[in-house]
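Here are the chains, one letter per residue:
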Amino acid sequence: MKSSLFQELSQRISNLQLQVLRGDDEQDAFNRMLELFLEIGESRFGFVAEVAESSPGKEALRIRAITNLATTQELQAMYMELISGDLFFEAGPNLIGELLRTRQTVIANDVMTDARKNTLPAGHPSIDRFMGIPLMRGNAMLGVVGLANRKTHYDDELIKVLEPLLVTCTTLLEVYRERRQRHAHELALAESRQDVDLMAAAFRSAQDGILITDQKGKILEVNNSFCRDSGYSRELLIGQNPRMLRSGKQSPDFYRLMWQTLSKKGQWVGELWNRRRSGEEYAVRLTIRAIAGDSNDILRYVGVSTDITNIKKHEEKLAWLVFHDEKTGLPNLRYITKQLSEQIRSLKPNEKLCVAYLDIDEFKLINERYGMDCGDRILKLAGEALQQELSPNDLFGRLTGDEFIAVLKNTSEQNFDLQLAAISNAVNTIQSEDFFQALTVSIGATVYPQYKSLDAEQLIRQADQAMYHAKLMGGNLIQYFDHSDERTQAFRHQQVIEIRQALNNEAFVLYYQPKVNMHTHEVVGAEALIRWQHPERGLLTPGAFLPMIENDPVIESIGAWVLHTALCQLSVWSKKGQRIPVSINISPRELHNPEFISNIANALAMHPDVEPNLLQLEVLETSALEDIERVSKVINQCRKFGIEFAIDDFGTGYSSLTYLKHLPVNVIKIDQSFVRNLTHDPSDQAILKSIVDLAKVLGRDVIAEGVETQAHVELLKTLGCHLGQGYAIGHPMSIGGYEKWLMQWQEENYMHGK
């Protein structure tokens, strides 16, 4: 998981610290600091000021950096006075005066009607919103950061986001104030000799590790954070060479290029792995600067490092999850498809491929009879047994549920028959202490090359269709794909017809699964989930029929019905005085329909009594990432109606998390795969905590799916995730069942004082 926003912010703060360390231009440092405040604070105007006396005994703000708003010669002259430090913001019965008097943050989100507003000079652009933040060191106020004209309101959450910048800015004010107080010749002497002691003192409390060496690489000074990260004391590091920390993960060429860059540009920035004194490897983001003297000879090298080990571990975990099934540890469909595509491209003339789609027969009954835990153990045993029957050149993975896939490579189709028979027998011999029935498997297979060129996904679909035929024929069979057999297509066509008939016959119904705040026990809404009341097969969940129509236009008809039905229910509740937010799922085909926005607008117009903010649309993470720019525009347009959006099944795609900054959703739904093993998997706990923390910074709510036990509830609350949905709270229920559950939940929590 890459947190590019925080890495960039950390890098730019490190650059500012190094400016101070080198004694670079003070005005430039404050200008760059202001640029950071404006960018992160999403503000048009701003200033950085130092508390000083404009006259004896009269406290005011001396401007260190300010946005240039000059549109006239008079304003330009005023700007030049401000940045020269010769012009002050005086205290008075205004916002600046309140800042200086109270030493507290001042926020005015409607300046024009605020009695404390400042008088602006002629020609100055209007100030609509303003926030002033004091820069404190203990009880002393050193300065102020002022931001103005943010598109959205200023609030305490923004202050939390700006905290690293505020700490750095306070340090800048302290350091430069101290330097200005020194005699000119002492300052010049310290800068020319690159006084290591002064630099170490200035940055002793820095959170980043700092290392200073001479021109030959001998360590002269380190700060406390560097000792903390490396595990070495200062005494063990002084006089040594930083190569003592090398982990061996980087090649000699890596270091050679690093020093070439440093020699040519005077700076190197990158990531590398070091080794702590304990032997543990740790990752850092490192900036090395060469410090030159008056004659341009290198006097010192300064390295500023940030420990990013946890970030790297989380990235590795997410990267692993992209290509592996968490339950069995086997490769997943994404990995198999990728590798199969490569095998197709590199296939030799005398070689053949066989794609086999495996489905354990009656697995649903196993789960019902022996329990989900037993079912999970059977899946793991099946994965192990099947792997043993395959050669190292074969591919094998788990798809979903009780389905597996194998890709065999050989020179003869007869050999495929023998291999598939061995695979089937391997499943028959699986045994478990708490499982007492014979296992069988239905296998669908297809062979490549064929009479036409096919890609990996097409071959997998052929194998899937062949497996389905094996199921229709009673299971426990090996069925090859028949190119002349159109029965599968006919079956899917028949399914579409049945679903259209079900829509016309009103055979669909919505079930509602509650969402609650697990900390306050407040019910925060419900997810509407479609069910098919099939006349022969009973009540069907979406997984039994939606996958077959996900690429057919009928899926949009289903989506329109769900939207209309959910709005009707919201209307009923509204007339009863009940405000219960409802979320519905949006299919990828609906989301990418050019008429999606107008469809939503028309549906809302048909239900004018429904508050739009009670409707939430859940979008799959994978469909949002297909075209993030377009999807963001669609979401922004729909949010203008007042409705909310959520990213569903978050974590099932490869998520750097940073894309969330650009995707204007309100809620992140963490996929249940992260929640299921939460109580005994520290990695899942760390990943979930990272998602929660970043979501809070970005102003997104987080809800966890798959909250199955009270242990999940307690651990999620500990990790900062307070919203949950799952069987530990409530099953999907009919509307009557949901309203009964709601009444009981509220009564129980009222009686217990929750």
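In this text the structure is predicted, and so the values were computed from the model without any measurement.

Draft legend 1. Region of interest: the overall build of the chain. Within the chain one finds 26 helices and 25 strands. By the burial criterion, 49% of the 754 residues in the chain qualify as buried. Considering only contacts within the chain whose residues lie at least 6 apart along the sequence, 62% involve residues at least 24 apart. Taken as a whole, the chain presents about 36,800 Å² of accessible surface, with 50% of it coming from carbon and sulfur.

Draft legend 2. A look at the pattern of salt bridges. One pass over the full model with this rule turns up 33 salt bridges. Salt-bridge contacts for Arg150 lead to Glu42; the nearest nitrogen and oxygen are separated by 3.3 Å. Pair noted here: Arg150 is in the loop between β6 (140-148) and α5 (156-181) and Glu42 is in the loop between α2 (26-40) and β1 (45-55), with a separation of 108 residues, a long-range link. What makes Glu42 partly exposed here is its relative accessible area of 48%. Of the charged contacts, one joins Glu527 and Lys669 as a salt bridge, the two residues approaching to 3.0 Å between their closest N and O atoms. With Glu527 in strand β18 (residues 523-534) and Lys669 in strand β23 (residues 667-670), this residue pair connects regions lying 142 residues apart in the sequence. You can call Lys669 buried: its relative accessible area is 0%.

Draft legend 3. Molecular detail of the sheet that holds strand β9 (residues 267-275). If you trace the five strands from one edge of the open sheet to the other, you get β8-β7-β11-β10-β9, paired in antiparallel fashion. Every interior strand has two partners, whereas the edge strands, β8 (219-222) and β9, have only one. Adjacent strand axes in the sheet meet at a mean angle of 25°, parallel and antiparallel pairs treated alike. Where strand β7 (residues 209-214) and strand β11 (residues 298-307) come together, six bridges link them in antiparallel fashion. The residue bridging Gly209 from the neighbouring strand is Ser305, located in β11.

Draft legend 4. Broad picture of the pairing of β23. Residue alternation in β23 divides its side chains into two sets, Val667 and Lys669 and Ile668 and Ile670, and both sets are buried. Across three bridges, the pairing between strand β22 (residues 644-650) and β23 is parallel. When the bridges of β23 are listed, Ile647 appears paired with Ile668. Where β23 lies against strand β24 (residues 701-704), four bridges are found, and the strand directions are parallel. Bridge pairing in β24 places Lys669 opposite Ile703.

Draft legend 5. Representation of the sheet that holds strand β3 (residues 88-90) in the model. Strands sit in the order β3-β2-β1-β6-β5-β4 across an open sheet of six strands; the sheet is antiparallel. Each edge of the sheet is formed by a strand with only one pairing partner; in this case those strands are β3 and β4 (106-108). The sheet shows a mean angle of 30° between the axes of neighbouring strands, taken without regard to direction. Pairing of β1 with β6, which is carried by six bridges, proceeds in the antiparallel orientation. Looking at the pairing, Val48 lines up with Val145 of β6. Docked against the sheet, helix α4 (residues 95-102) engages β1, β2 (58-66), β3, β4, β5 (130-137) and β6, running at close to 25° with respect to β5.

Draft legend 6. The arrangement of a nonpolar patch on the surface in detail. A cluster of nonpolar side chains, Leu472, Met473 and Leu477, forms an exposed patch at the surface whose accessible area comes to about 280 Å². Structurally, Leu477 is set in the loop between α16 (456-472) and β16 (478-480).

Draft legend 7. Focus on the packing of helix α13 (residues 363-370) against helix α14 (residues 372-388). Contact geometry of α13 with α14 gives a least axis separation of 6 Å together with a crossing angle of 135°. In terms of orientation, α13 lies oblique with respect to α14. Along its contact with α13, which presents Phe363, Asn367 and Tyr370, the element α14 presents Met372, Cys374, Gly375, Ile378 and Leu379.

Draft legend 8. The side chain of Asp229, seen in detail. Looking at where Asp229 falls in the secondary structure, it is placed in helix α8 (residues 224-230). Beyond its immediate stretch of four places on either side in the chain, Asp229 contacts Gly209, Arg276, Tyr282 and Asp307.

Draft legend 9. Structural detail: the packing of aromatic side chains. Applying the stated criterion to the full structure yields 14 aromatic pairs. Ring centres of Phe254 and Tyr255 lie 5.3 Å apart, and the angle between their planes is 85°; this geometry places the pair in the edge-to-face category. Owing to a relative accessible area of 24%, Phe254 belongs among the partly exposed residues under this scheme. Judged by centre distance (5.7 Å) and plane angle (45°), the ring pair of Phe508 and Phe545 falls under tilted. One end of the pair, Phe508, is in strand β17 (residues 508-517); the other, Phe545, is in the loop between β19 (538-540) and α18 (554-575), with 37 residues separating them in the sequence. On the accessibility criterion, Phe508 (5% relative accessible area) is buried. Chaining the aromatic ring pairs together yields one cluster made of Tyr512, Trp573, Tyr738, Trp741 and Trp745. The ring of Tyr255 carries Arg246 above its face, with NZ or CZ at 3.7 Å from the centroid.

Draft legend 10. Quick peek at the side chain of Glu705. With respect to the helices and strands, the residue Glu705 is situated in the loop between β24 and α25 (710-718). Once residues lying within four places of it in the same chain are set aside, the contact partners of Glu705 are Asp648, Asp649, Lys669, Ile670, Asp671, Gln672, Val675 and Gln725.

Draft legend 11. View of the packing of α2 against α5. At a closest axis distance of 10 Å, the pairing of α2 and α5 adopts a crossing angle of 170°. In terms of orientation, α2 lies roughly antiparallel with respect to α5. For the pair α2 and α5, the contacting residues are Glu26, Ala29, Phe30, Met33, Leu36, Phe37 and Ile40 in the first and Leu158, Val161, Leu162, Leu165, Leu166, Thr168, Cys169, Leu172, Leu173, Tyr176 and Arg180 in the second. The class makeup of the residues in the contact of α2 with α5 is 15 nonpolar, one polar and two charged.

Draft legend 12. Broad picture of the nonpolar core. The biggest cluster of nonpolar side chains holds 77 residues, and the ones touching the most others in it are Ile584 and Tyr738. Top element by residues in this core is α18. It accounts for nine residues. The contact partners of Ile584, leaving out residues within four places of it in the chain, are Ala528, Val562, Leu563, Ala566, Leu615, Gln616, Leu617 and Glu618.

Draft legend 13. Representation of unusual backbone geometry. A cis geometry characterises the amide bond from Tyr448 onward to Pro449, with omega recorded as 10°. Mapped onto the elements, Pro449 comes out in the loop between β15 (441-448) and α16. Unlike most non-glycine residues, His521 shows phi in positive territory, near 70°. Tracing the backbone through its elements, the reader meets His521 in the loop between β17 and β18. For His521, a relative accessible area of 23% translates into the label partly exposed.

Draft legend 14. Representation of the environment of Asp214 in the model. With respect to the helices, strands and loops of the structure, Asp214 is situated in strand β7. Separated by 77 residues in sequence, Asp214 and Ile291 have C-alpha atoms that sit 9.5 Å apart. Apart from residues lying up to four places away in sequence, Asp214 is in contact with Leu220, Leu299, Arg300 and Tyr301. A polar side-chain atom of Asp214 sits 2.9 Å from the main-chain amide nitrogen of Lys216. In terms of polar contacts, Asp214 uses its side chain to reach the backbone amide nitrogen of Gly217, at 3.0 Å.

Definitions and cut-offs
- Counting of residues starts from 1 at the beginning of each chain's written sequence and follows it residue by residue.
- The predicted nature of this model means local features are confined to residues of pLDDT at least 70 and side-chain atom pairs, given and counted, to a pLDDT of 80 or more, with totals for whole chains, interfaces and linings taken over all residues.
- As a rule here, side-chain values come from all non-hydrogen atoms in the structure, and water together with hydrogens is ignored.
- Only DSSP runs of H or I with at least four residues qualify as helices, and only runs of E with at least two residues qualify as strands; both kinds are numbered from the N terminus onward.
- Between buried and exposed lies partly exposed: a residue is buried under 20% and exposed over 50% of the maximum accessible area for its type, with that area taken using a 1.4 Å probe on protein chains only.
- Contact between two residues is taken to exist if any of their heavy atoms lie within 4.5 Å; hydrogens are not considered.
- Surface accessibility follows the Shrake-Rupley procedure with a 1.4 Å probe radius. Residue values consider only the protein chains on display as shielding.
- A carboxyl oxygen of Asp or Glu within 4 Å of a side-chain nitrogen of Lys or Arg is what we treat as a salt bridge.
- For two strands to be treated as a pair, DSSP must find no fewer than two bridges joining them.
- A fitted line through C-alpha atoms represents every axis, and for helices the fit uses only the stretch in contact; the resulting angles, taken between N-to-C directions, go from 0 to 180 degrees.
- Patch construction takes residues with relative accessible area above 30% that form no salt bridge. Like charges are linked within 9 Å, and nonpolar side chains (Val, Leu, Ile, Met, Phe, Trp, Tyr) are linked within 5 Å.
- Every angle not falling under 35 degrees, over 145, or within 65 to 115 is termed oblique; those three ranges are roughly parallel, roughly antiparallel and roughly perpendicular.
- Pairing of aromatic rings covers Phe, Tyr and Trp, the last through its six-membered ring, and needs centres within 6.5 Å; plane angles under 30 degrees mean stacked, over 60 mean edge-to-face, and all others mean tilted.
- Here, a charge over a ring is recorded when the distance from Lys NZ or Arg CZ to the ring centre is within 6 Å and its angle to the ring normal is within 35 degrees.
- Residues are sorted three ways: Asp, Glu, Lys and Arg are charged, Ala, Val, Leu, Ile, Met, Phe, Trp, Tyr, Cys and Pro are nonpolar, and all the rest, Gly among them, are polar.
- Throughout this description, the term nonpolar core refers to a set of buried Ala, Val, Leu, Ile, Met, Phe, Trp, Tyr and Cys residues connected via side-chain atoms within 4.5 Å.
- What qualifies as a polar contact is a pair of N or O atoms within 3.5 Å, subject to a donor-acceptor requirement within protein and to the restriction that residues adjacent in sequence count only when both atoms come from side chains.

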